[in-house]
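Coordinate inspection notes
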Amino acid sequence: MMMKANQRANVAAQRASTYGEELLGYADATTEAEKGARAAEAALARLGEQVRAALPLVSAARMS
């Protein structure tokens, strides 16, 4: 029974360590960083729209 408890404790410690490392990845998650990420996302979405609009023109130019 003690071995089983030690195993569970080790697994729990490993999980806690993993979760702690993952949380460190969010250390820069400030309000400003979030706003910057949202602005970048919006800019990329606009760029994607421009590319989608240009694709038919590119295809037409290739055919002529």
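This section reports on the structure supplied with the text. Here the residue numbers are simple positions, counted from 1 along each chain's written sequence. Predicted model: local features are reported for residues with pLDDT of at least 70 only, side-chain atom pairs are reported and counted for 80 or more only, and whole-chain, interface and lining totals are derived from all residues. Just so you know, side-chain values use all the structure's heavy atoms and leave hydrogens and water out.

**Remarks on the overall build of the chain**
Every helix listed is a DSSP run of H or I at least four residues long, and every strand listed is a run of E at least two residues long, numbered separately from the N terminus. When you go through the chain residue by residue, the secondary structure sums to 2 helices and 0 strands. Taken over C-alpha atoms, the radius of gyration comes to 25 Å for the chain, far larger than the 11 Å a tight globule of 64 residues would show. By its C-alpha atoms, the chain is 80 × 30 × 10 Å across when sized along the principal axes. To measure how exposed things are, a 1.4 Å probe is used in the Shrake-Rupley method; for residues, cover is taken only from the protein chains shown. Accessible surface for the chain amounts to roughly 6,100 Å². Of this, 62% is attributable to carbon and sulfur atoms. When the 8 positive and 7 negative side-chain charges of the chain are each reduced to one mean point, those points stand 9 Å apart. Using C-alpha atoms as the atom set, the radius of gyration is obtained and then compared with a globule rule of 2.2 Å times the number of residues to the power 0.38. For the charge count, each Lys or Arg is scored as positive and each Asp or Glu as negative, with His and the chain ends excluded. Think of each charge as sitting on NZ of Lys, CZ of Arg, CG of Asp or CD of Glu.

**Re the environment of Ala53**
As for its position among the elements, Ala53 is in helix H2 (residues 31-63). Using a 1.4 Å probe on the protein chains alone, a residue whose accessible area is under 20% of its type maximum counts as buried, one over 50% counts as exposed, and one in between counts as partly exposed. Under the relative-accessibility criterion, Ala53 is labelled exposed at 52%. Sequence separation between Ala53 and Met3 is 50 residues, and the spatial gap between their C-alpha atoms is 64 Å.

**Thoughts on the pattern of salt bridges**
Definition used for salt bridges: Asp or Glu carboxyl oxygen within 4 Å of a side-chain nitrogen of Lys or Arg. Within this structure, the stated rule accounts for 1 salt bridge. For the salt bridge of Arg38 with Glu34, the shortest nitrogen-to-oxygen distance reads 2.7 Å. Of this pair, Arg38 and Glu34 are both found in helix H2, 4 residues apart, which corresponds to roughly one turn of the helix. A residue is classified by how much of its surface remains accessible, and Arg38, at 51% relative accessible area, is exposed.

**Side note on the environment of Tyr19**
By the element assignment, Tyr19 lies in helix H1 (residues 2-24). Along the chain, Tyr19 and Glu32 lie 13 residues apart, while their C-alpha atoms are 24 Å from each other.

**Observations regarding a nonpolar patch on the surface**
By definition, no residue in a patch forms a salt bridge, and every one has over 30% relative accessible area; like charges are joined within 9 Å, nonpolar side chains (Val, Leu, Ile, Met, Phe, Trp, Tyr) within 5 Å. There is a patch of nonpolar side chains on the surface, built from Leu44, Leu47, Val51 and Leu55 and spanning about 380 Å² of accessible area. Structurally, Val51 can be placed in helix H2.

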